[in-house]
Amino acid sequence: MIRPILIHPDPRLKKQCDPIREITADLRRLASDMLETMYDAPGIGLAAPQVGITKRLIVMDCMKSPDAPRPLILFNPQVTWTSDTLSTYEEGCLSIPEQYADVQRPDRATVTWTDETGTAQEETFEGLWATCVQHEIDHLNGKLFIDYLGLMRRQMITRKMEKLKREIAREGR
Ligand code: NI
């Protein structure tokens, strides 16, 4: 089931999300809905707060290829190591549609998480995957990519999003 994606600004996007104690059938369904919602958007990552659930769950697939998908479901993801070397990507966010900006982050990041079968996982992500996983984990801490930008740029984007939300509300979408 495709779920509606919250648009910034929204208090649920600013929350510190709660750890998941047990991977229930409901949470597995949520993860599967999030992947469907992400592919439909289309996007390469989605965090639970973006669909209004303030729990520590993200999904991603940076393959950008329907022929070779790699859907990942990460419960309670944690960054345990980042490289000193940085890389810059032009980031966007499904909660901030059509706004993009360069953000600098470590170009490799080791992340631990629990997968949908309850198994502990660890991987060192590189390149776009590293950027994406750090961007999504930021969401679980109430942080958006625009928080890395200067105040003026951030306010300008926020005003555009407020206008967009008013338009959506008026059209009853
Ligand atoms: Ni995002």
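Residues numbered from 1 in each chain as written. Predicted model: local features only at pLDDT ≥ 70, side-chain atom pairs only at ≥ 80, totals over all residues. Heavy atoms only, no water.

Draft legend 1. View of the nonpolar core. Ile 58, Met 60, Leu 74, Val 111, Phe 125 and Val 133 are the most contacted members of the largest nonpolar core, which totals 16 residues. Every element with two or more residues in this core is listed here: strand S2 (57-60), strand S3 (72-82), strand S6 (108-114) and helix H2 (127-140). Looking at which element gives the most residues to this core, the answer is H2, with six residues. Aside from chain neighbours lying at most four places away, what touches Leu 74 is Arg 56, Leu 57, Ile 58, Met 60, Val 111, Trp 113, Thr 114 and Val 133. By size, the runner-up hydrophobic cluster in this structure holds 15 residues, among which are Ala 31, Met 38, Ala 48 and Phe 75. (Core = buried A, V, L, I, M, F, W, Y, C linked by side-chain atoms within 4.5 Å. Buried < 20%, exposed > 50% of the residue type's maximum accessible area, 1.4 Å probe, protein only. Helix = DSSP H or I, 4+ residues; strand = E, 2+ residues; numbered from the N terminus. Contact = heavy atoms within 4.5 Å.)

Draft legend 2. Fine view of the coordination of the nickel ion. Coordination of the nickel ion by the protein involves Cys 93 (SG), His 135 (NE2) and His 139 (NE2), with metal-donor separations of 2.1 to 2.3 Å. When the donor residues of the nickel ion are listed from N- to C-terminus, their spacing reads C-x41-H-x3-H. Separated by 46 residues along the polypeptide, Cys 93 in strand S4 (residues 86-93) and His 139 in helix H2 bring together distant segments of the chain. You'll find Cys 93 and His 139 in the same group, each marked buried. (Donors = N, O, S within 2.8 Å, 3.2 Å for Na, K, Ca; no water.)

Draft legend 3. Spotlight on the pattern of salt bridges. The full count for this structure, using the stated rule, is nine salt bridges. Linking Asp 26 and Arg 29 is a salt bridge whose minimum nitrogen-to-oxygen distance equals 3.1 Å. Taken together, the positions of Asp 26 and Arg 29, both in helix H1 (residues 25-40) and three residues apart, correspond to about one turn of that helix. A salt bridge links Glu 91 to Arg 105, with the shortest nitrogen-to-oxygen separation between them at 2.7 Å. Here the residue Glu 91 occupies a position in strand S4, and Arg 105 occupies one in strand S5 (residues 96-106), the gap between them amounting to 14 residues. Residue Glu 91 is classed as buried on the basis of its relative accessible area, which comes to 4%. The exposure class assigned to Arg 105 is buried, which follows from its relative accessible area of 3%. (Salt bridge = Lys/Arg side-chain N within 4 Å of Asp/Glu carboxyl O.)

Draft legend 4. Spatial organisation of H1. Helix length check: H1 (16 residues) gives 22 Å between terminal C-alpha atoms against 22 Å at 1.5 Å per residue, within 8%. Of all the residues in H1, the buried ones are Leu 27, Leu 30, Ala 31, Asp 33, Met 34, Leu 35, Thr 37 and Met 38. In the core, the buried residues of H1 are packed alongside strand S1 (45-47), S2 and S3. (Expected span 1.5 Å × (residues − 1).)

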